[in-house]
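# Observations on chain architecture
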Amino acid sequence: MKIDQLEPGYFGIGIQHGKTPENLGVLWRSAQNLGASFVFTVGKRYAKQACDTHDIVKAMPYFHYDTFEDFYNHLPKGAMIIGVELDERAIDLQKFKHPRNCVYLLGAEDHGLTNEAIEKSHHLIKFDTPKSLNVAVAGSIIMYDRSIKGSHIYLKGTPK
């Protein structure tokens, strides 16, 4: 089977109002290993720290947005926002079909996503866990789920 290079799509993953640079460092490392195209932050800046053992800052694009509005206005054309939030409207991750082109937006463990981010998300997803997860762990699980479901890799001649 041949992979059609025009079909795969892309995704980015980021954190809104992240508490610690370590969470971003761990998420960034997972993103590099699990096929993300870029990482981003909304409201806080990345600072190099010990978790960046692969010098990922040189290998994968990082974007920072001061506000949610700035982030929203600079979304890649055609990308959907997938908010990750414990919310009654959210779909369980195990039932979610990942879109071809999207950005996953995670909130800090203590406050989650802002109301504006929740309202402007195209989809909300959540985990079937009794309590919230660390933001880097949650992001890593989402990217792994995307990779095993094969949502961003379409093989020529196979049904989509």
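One can find the structure itself at the top, above this paragraph.
This write-up is about the structure you can find in this document. Model, not experiment: these values are computed from the prediction.

## Let's talk about the pairing of strand 4 (residues 80–84)
Burial within strand 4 is extensive, with 4 of its 5 residues counted as buried. Pairing geometry for strand 4 and strand 6 (residues 101–107), over 5 bridges, is parallel. Bridge assignment links M80 to a residue of strand 6, and that residue is C102. Pairing analysis gives 3 bridges linking strand 4 to strand 7 (residues 123–126), with the strands arranged parallel. Considered in strand 7, the bridge of V84 is made with I125.

## Some points on the packing of helix 1 (residues 21–33) against helix 4 (residues 135–149)
Helix packing geometry: the angle between the two helix axes and the distance between the axes. Two elements in contact, helix 1 and helix 4, have axes separated by 8 Å at closest approach and are oriented at 15°. Considered as vectors, helix 1 and helix 4 are oriented roughly parallel to each other. Viewed along their axes, helix 1 and helix 4 form a crossing whose handedness is right-handed. Residues N23, V26, L27, S30 and A31 of helix 1 pack against V135, A136, G139, S140 and M143 of helix 4.

## Here's the deal with the sheet that holds strand 6
A sheet is described by the order of its strands in space; here 7 strands give the open sequence 3-2-1-6-4-7-5, paired in parallel fashion. At either margin of the open sheet sits one strand with a lone partner, and together these are strand 3 (62–65) and strand 5 (91–92). Pairing geometry for strand 1 (residues 10–16) and strand 2 (residues 38–42), over 5 bridges, is parallel. By the bridge assignment for strand 2, I13 is matched with V39. Along the sheet, helix 1 contacts strand 1, strand 2, strand 3 and strand 6; its crossing angle with strand 1, the most-contacted strand, is approximately 170°. In the packing of helix 4 onto the sheet, contacts are made with strand 1, strand 4, strand 6 and strand 7, and the angle to strand 6 comes to roughly 155°.

How each quantity is defined
Residues numbered from 1 in each chain as written. Predicted model: local features only at pLDDT ≥ 70, side-chain atom pairs only at ≥ 80, totals over all residues. Heavy atoms only, no water. Buried < 20%, exposed > 50% of the residue type's maximum accessible area, 1.4 Å probe, protein only. Helix = DSSP H or I, 4+ residues; strand = E, 2+ residues; numbered from the N terminus. Pairing = 2+ DSSP bridges. Axes fitted to C-alpha atoms, helices over the stretch in contact; angles between N-to-C directions. Parallel < 35°, antiparallel > 145°, perpendicular 65-115°, else oblique. Left-handed = near helix turned anticlockwise from the far one by under 90°. Contact = heavy atoms within 4.5 Å.

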